[in-house]
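Architecture and fold: a report
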Amino acid sequence: MQMMTRNVLLNMEQEEDDDEDGDIGDAPDSRKPFLAPHFLLPSGLVLENFDQTIVCPTFGSLENQQDFRTPEFEEFNGKPDSLFFTDGQRRIDFVLVYEDETKKENNKKGTNEKQMRKRQAYESNLICHGLQLEATRSVSDDKLVFVKVHAPWEVLCTYAEIMHIKLPLKPNDLKTRSAFGTLNWFTKVLRVNESVIKPEQEFFTAPFEKSRMNDFYILDRDSFFNPATRSRIVYFILSRVKYQVMNNVSKFGINRLVSSGIYKAAFPLHDCKFNYESEDPNCPSERYLLYREWAHPRSIYKKQPLDLIRKYYGEKIGIYFAWLGYYTQMLLLAAVVGVACFLYGYINQDNCTWSKEVCDPDIGGQILMCPQCDKLCPFWRLNITCESSKKLCIFDSFGTLIFAVFMGVWVTLFLEFWKRRQAELEYEWDTVELQQEEQPRPEYEAQCNHVVINEITQEEERIPFTTCGKCIRITLCASAVLFWILLIIASVIGIIVYRLSVFIVFSTTLPKNPNGTDPIQKYLTPQMATSITASIISFIIIMILNTIYEKVAIMITNFELPRTQTDYENSLTMKMFLFQFVNYYSSCFYIAFFKGKFVGYPGDPVYWLGKYRNEECDPGGCLLELTTQLTIIMGGKAIWNNIQEVLLPWVMNLIGRYQRVSGSENITPRWEQDYHLQPMGKLGLFYEYLEMIIQFGFVTLFVASFPLAPLLALVNNILEIRVDAWKLTTQFRRMVPEKARDIGAWQPIMQGIAILAVVTNAMIIAFTSDMIPRLVYYWSFSIPPYGDHTYYTMDGYINNTLSVFNITDFKNTDKENPYIGLGNYTLCRYRDFRNPPGHPQEYKHNIYYWHVIAAKLAFIIVMEHIIYSVKFFISYAIPDVSKITKSKIKREKYLTQKLLHESHLKDLTKNMGLIAERMGGAVDNSVRPKLE
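For every chain, the first residue of the written sequence is number 1, and numbering continues from 1 onward in sequence order. Per-residue local features of the predicted model are confined to residues with pLDDT of at least 70, and side-chain atom pairs are confined, for both listing and counting, to 80 or more; whole-chain, interface and lining totals are unaffected and use all residues. Hydrogens are left out, water is left out, and the side-chain values use all remaining heavy atoms of the structure.

Below, the discussion takes up the confidence of the model for the chain. Confidence scores labelled pLDDT are given residue by residue by the predictor and lie between 0 and 100. Averaged over all residues, the pLDDT of the chain equals 79, while 81% of them reach at least 70. By definition, residues are in contact when any of their heavy atoms lie within 4.5 Å. Across residues 1–6, confidence stays below pLDDT 50; counting only partners more than four residues off in sequence or on other chains, it has 17 contacts. Low confidence marks residues 37–66, where pLDDT is under 50. Its contacts with residues over four positions away, or in another chain, come to 87 contacts.

Before going further, it helps to examine the nonpolar core. Buried Ala, Val, Leu, Ile, Met, Phe, Trp, Tyr and Cys residues form a nonpolar core when they are joined through side-chain atoms within 4.5 Å. Using a 1.4 Å probe on the protein chains alone, a residue whose accessible area is under 20% of its type maximum counts as buried, one over 50% counts as exposed, and one in between counts as partly exposed. Counting 146 residues, the largest nonpolar core has Trp323 and Phe698 as its most contacted members. These domain boundaries are the output of an automatic or database domain assignment. No fewer than three residues from each of domain 2 (274–302) and domain 3 (303–660 + 670–773) sit in this core. Excluding residues that lie within four positions of it along the chain, phenylalanine 698 makes contacts with Tyr584, Tyr585, Cys588, Leu630, Ile633, Met634 and Val703. Formed by 41 residues, the second largest nonpolar core is a distinct cluster that contains Tyr98, Val149, Ile233 and Phe236.

It is worth spelling out unusual backbone geometry at this point. Residues other than glycine predominantly adopt negative phi, and peptide bonds predominantly adopt the trans conformation. A cis amide bond, omega 15°, links proline 784 with the succeeding residue proline 785. On the secondary structure map, proline 785 appears in the loop between helix H24 (771–781) and helix H25 (797–801). For aspartate 430, which is not glycine, the phi dihedral falls at a positive 60°. The topology assignment puts aspartate 430 in the loop between helix H12 (398–428) and helix H13 (434–437). A positive phi is found at tyrosine 843, a non-glycine position, where the angle reads about 65°. Each helix is a run of DSSP H or I of at least 4 residues and each strand a run of E of at least 2, with the numbering of both proceeding from the N terminus. Among the secondary structure elements, tyrosine 843 is positioned in the loop between strand E21 (827–831) and helix H26 (847–877).

Turning our eyes to something else, we now look at helix H7 (residues 286–295). Burial of H7 is extensive: nine of the ten residues sit out of reach of the surface. Among the residues of H7, those classed as buried are Glu286, Arg287, Tyr288, Leu289, Leu290, Tyr291, Glu293, Trp294 and Ala295. Buried residues along H7 sit in contact with helix H8 (306–313), helix H9 (315–347), helix H20 (670–675) and helix H22 (709–731).

On to the state of the cysteines, then. Our working definition of a disulfide is a cysteine sulfur pair at a distance within 2.5 Å. In this structure the tally under the stated criterion is three disulfides. Between cysteine 370 and cysteine 828 runs a disulfide, and the two sulfur atoms are separated by 1.8 Å. Looking down the S-S bond of the cysteine 370 and cysteine 828 bridge, the torsion is 90°, so its handedness is right-handed. Highlighted residues: cysteine 370 in the loop between strand E12 (368–369) and strand E13 (380–381) and cysteine 828 in strand E21, separated in sequence by 458 residues. We note that cysteine 471 lacks a disulfide partner, and the nearest cysteine sulfur, in cysteine 468, lies 6.6 Å from it. With a relative accessible area of 42%, cysteine 471 lands in the partly exposed category.

Further remarks concern the UniProt feature "transmembrane region" (unreviewed entry) in the chain. UniProt positions are given in the numbering used here, feature names are shortened, and annotations may be inferred rather than shown by experiment. Summarizing the sequence annotation, UniProt attributes the feature "transmembrane region" (unreviewed entry) to residues 320–347, 398–418, 481–508, 528–549, 576–594, 692–715, 743–767 and 847–868 in the numbering used throughout. Taken end to end, residues 398–418 comprises 100% helix and 0% strand; its first and last C-alpha atoms sit 30 Å apart. For the annotated span residues 692–715, helix accounts for 71% and strand for 0% of the residues, and the straight-line distance between the end C-alpha atoms is 13 Å.

Here the focus is the sheet that holds strand E5 (residues 132–137). The five strands lie next to each other as E3-E5-E6-E4-E11, forming an open sheet whose pairing is mixed. In the strand order of this sheet, the two ends are held by strand E3 (72–73) and strand E11 (265–267), each with one partner. Should DSSP find at least two bridges between two strands, the strands are taken to pair. Note: E5 against strand E6 (residues 144–150), six bridges, orientation antiparallel. Residue pairing for E6: glutamine 132 is matched across the bridge by histidine 150.

The next subject is the packing of aromatic side chains. Two rings belonging to Phe, Tyr or Trp (six-membered ring only in the last case) form a pair when the distance between their centres is within 6.5 Å. Interplanar angles under 30 degrees mark stacking, angles over 60 mark edge-to-face geometry, and anything in between is tilted. Counted according to the given criterion, the structure contains 58 aromatic pairs. On the basis of an interplanar angle of 85° and a centroid distance of 4.8 Å, the ring pair of tyrosine 312 and tyrosine 313 is categorised as edge-to-face. No difference in accessibility class separates tyrosine 312 from tyrosine 313, as the two residues are buried. On the numbers, 5.5 Å between centres and 45° between planes, the contact of tyrosine 327 with phenylalanine 414 is tilted. Within this pair, whereas tyrosine 327 is found in helix H9, its partner phenylalanine 414 is found in helix H12, the two being separated by 87 residues in sequence. For the residue pair tyrosine 327 and phenylalanine 414, the accessibility class agrees, reading buried in each case. A ring is considered to have a charge above it if a Lys NZ or an Arg CZ atom is located within 6 Å of its centre and within 35 degrees of its normal. The positively charged end of arginine 240 is found above the aromatic ring belonging to phenylalanine 236, 3.9 Å away from the centroid. For arginine 473, the ring lying beneath its charged end belongs to phenylalanine 559, and the centroid distance is 4.7 Å.

What follows is about the packing of H7 against H8. Interaxial angles span 0 to 180 degrees and are taken between N-to-C directions of axes, which are lines fitted to C-alpha atoms, for helices over the stretch in contact. Packing of H7 against H8 brings their axes to within 11 Å, and their N-to-C directions diverge by 145°. In the packing of H7 onto H8, the handedness of the crossing is left-handed. Contacts between H7 and H8 involve Glu286, Arg287, Leu289, Leu290 and Trp294 from the first element and Leu308, Ile309, Lys311, Tyr312 and Tyr313 from the second. Here the residues of the contact of H7 with H8 are counted per class, giving seven nonpolar, no polar and three charged. By definition, any crossing whose near helix is turned counterclockwise from its far helix by less than a right angle is left-handed, and any crossing with a clockwise turn is right-handed. Side-chain classes are defined by residue name, with Ala, Val, Leu, Ile, Met, Phe, Trp, Tyr, Cys and Pro counting as nonpolar, Asp, Glu, Lys and Arg as charged, and the others, Gly among them, as polar.

So, about helix H5 (residues 227–238). Counted at 1.5 Å a residue, the expected span for H5 with its twelve residues is 16 Å, and the 16 Å between its end C-alpha atoms agrees. Where burial is concerned, most of H5 is hidden: ten out of the twelve residues are buried. Expected helix span is given by 1.5 Å per residue-to-residue step, counting one fewer step than there are residues.

A few words on a nonpolar patch on the surface. Like-charged residues are merged into a patch within 9 Å and nonpolar side chains (Val, Leu, Ile, Met, Phe, Trp, Tyr) within 5 Å, provided each residue has over 30% relative accessible area and no salt bridge. Computed by Shrake-Rupley with a 1.4 Å probe, the accessible areas treat only the displayed protein chains as cover when residues are assessed. Any carboxyl oxygen of Asp or Glu that lies within 4 Å of a side-chain nitrogen of Lys or Arg is treated as forming a salt bridge with it. A contiguous nonpolar patch, built from Val189, Ile300, Tyr301, Leu711, Val715, Ile718 and Leu719 and spanning about 580 Å² of accessible area, is present on the exposed surface. Tracing the sequence through the fold places leucine 711 in helix H22.

What follows is about the packing of H24 against H26. Where H24 meets H26, the closest approach of the two axes is 9 Å, and the angle between their N-to-C directions is 120°. One finds that H24 runs oblique with respect to H26. Like other packed secondary-structure pairs, H24 and H26 cross with a definite hand, here right-handed. When H24 is examined against H26, the residues Ile772, Pro773, Val776, Tyr777 and Phe781 are found in contact with a partner set consisting of Ile847, Tyr848, His851, Val852, Ala855, Lys856 and Phe859. Of the residues that constitute the contact of H24 with H26, the class distribution is ten nonpolar, one polar and one charged. Angle categories: roughly parallel below 35 degrees, roughly antiparallel above 145, roughly perpendicular from 65 to 115, and oblique for all the rest.

If you want it as structure tokens, here you go:
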């Protein structure tokens, strides 16, 4: 049989390229994505490596369209739940969908012909690589064609060895102990019914080798590679097969073909409908089981069937839901303590002495406060902040301090125990040595045009760019990220300017009658109105910038060109989180640590940009405003995400069903039902992680201002797990299963947040709340020599913490009292610790200020050192891998080496015996004639 020296490709002249995704999937003809070398493939097929060419039999001229090997067209057999070709023997491992170019309504002959030839060349090369294809027209739309892909046993074995896929050697003989012991009777209610979802049998595994096939636990060839593994292998091939050569540049990969519109979709199949079991008795109906025991609302209190999730969707999705479930469990403890601290503050708010003084008509009602802006803002009575001071007593209490310390310890416990749980999953799911088996991305391989010497192997290898080129790319990427971060900071400055401007408007328009009973004037003070509107605008700007930056971050990461998919996701993760961190948290940091801290005093205020007077906090501080900001952002973010995750795909699928042209009683095959579902997208899981990590930041970084944050996060996460499960099982196509050993770059991000959270909460208590000034007053300034009381008390705290200002000292002398009924006053009060007018150092900071500053700094240092010491001790005391898991890993390695070694010795002994027999026979044959 005559062999060709290259595979079936379209060698086109200069023509307009249909592709839309830049250089992804392009490679010079001498650089080809890694595929199986010829000695690993079935006879009659020789596939390409970097320096090899494809040899495919029985083809003549490349230009002739008749030389393409095309899939056979078969009619739908009327079995809607079938997962096999028409013959009922070959399993469908992947589905490709395209629109028949000859039946397109807008028939651009030249473009359609080019697309058709590219597709035919691609499908022909898939057949050359050993895959089997079968085409079937849609039963509802005659223009759509579904190409079903099947990988034969020989191809699966070949690529399982190339991809270093771990497969079963023998059943696991290690006994597992329940973590609950005597509580099994209680946890049985929370566990998934094992009669419905049977536990998976555990095996000792090893990377597959065709030469040692007899050592592996192969009871049945059809079940040895599960559907998820088969789809992984087929997708590996689809991503690397070429379809065009133009100007000595190769185009390859299914992703490129889908993005350019040659194929409309490419996906593995769900095994059945989500709400009905398959009619095929041999089908396990895993999708139905997942919906019934995981995604259905009635299972909201049950544990997740993680093993089945991993088996059906792959380790990457499995590890996400394992982490989300564990995080939610740990939030239960934090929520209980947070609610207890909240109730403590709520019950004791009536005993809050300083709030009583604010609300007392004889104290707060007689204190005239200085205007908080120039010219337009009036004088105001302190008691108009009565309601906000009562609410502030709930959050600014001693319980908040206890809760902040507790959360510093909680976050460490969560991270350390998660590491242990993650190590157990790595062992159970065979991902301990995953890094060794991960292949380069096709986009990376396509750009490898520089040859270097590997320092370890001393062999030549190809890389996409030199060291200088890498430095240039990193510099450009870092500059782009920095530009967008500066853009966010500019938007925050814009919000601050809005707050400064609109505060003047609210101060002049909102009613100020202290004796009024209107609920608006009781709750909606100028400060509160400014805070609420600014928070809403800030949230809208956050969501707009998110949408834009997501696309920019992907473009930057594509330009950076990471080697593996894990490297790609980690790089994108760091860029996105850095942006999101500044985007979501900048306004909270401003309120917590900058607002009201640099305002000067009424006679000499500090101005922003030389025009806008800095904002001041309420007399009780900015803590309540920070709580409002957190509530709006957390609540708005949760609502927006649920709309995006639930409502949007449901509406899209609903519209698709109404727009679909179908017969009245047509039976729809499995592949066509899945095609009309929504595609998940490459980064679908990335956004789920990002959403939860941003929430994790809110729960830990600013928890001292909002003890109910863990409770809100707990409720959200309980719903999030089931919403994500419902979305995956009912609204989206099945994703290509992917391997993952851990949660990737999100782990160090959480550790960084945990370290920063100790500092932020200590500073919130010290600088944002009024806890330290109250303690200083109670222990030092309520009694002699600074106070007039004979015992420790909080009486007189408000009067002591408000400084006095002489109205005649205003730089703008046109300020007058706008309220006729209040009379003429010469003095007003403001929030600061300064000497009164007439003092030798008038309007300079007094001794109380320096006592408070010293106490705040001492508190921060003591709190940080205590919590960091406890965190270090916990991290040291709790090993990342439990003793039981270590024993299992060592046992598996020992048995695997022993089994493979003994098998190798048996083969060697057998071969040596055969050689000895042959040599003995040869000697006998040569000696016998001489003896005769």
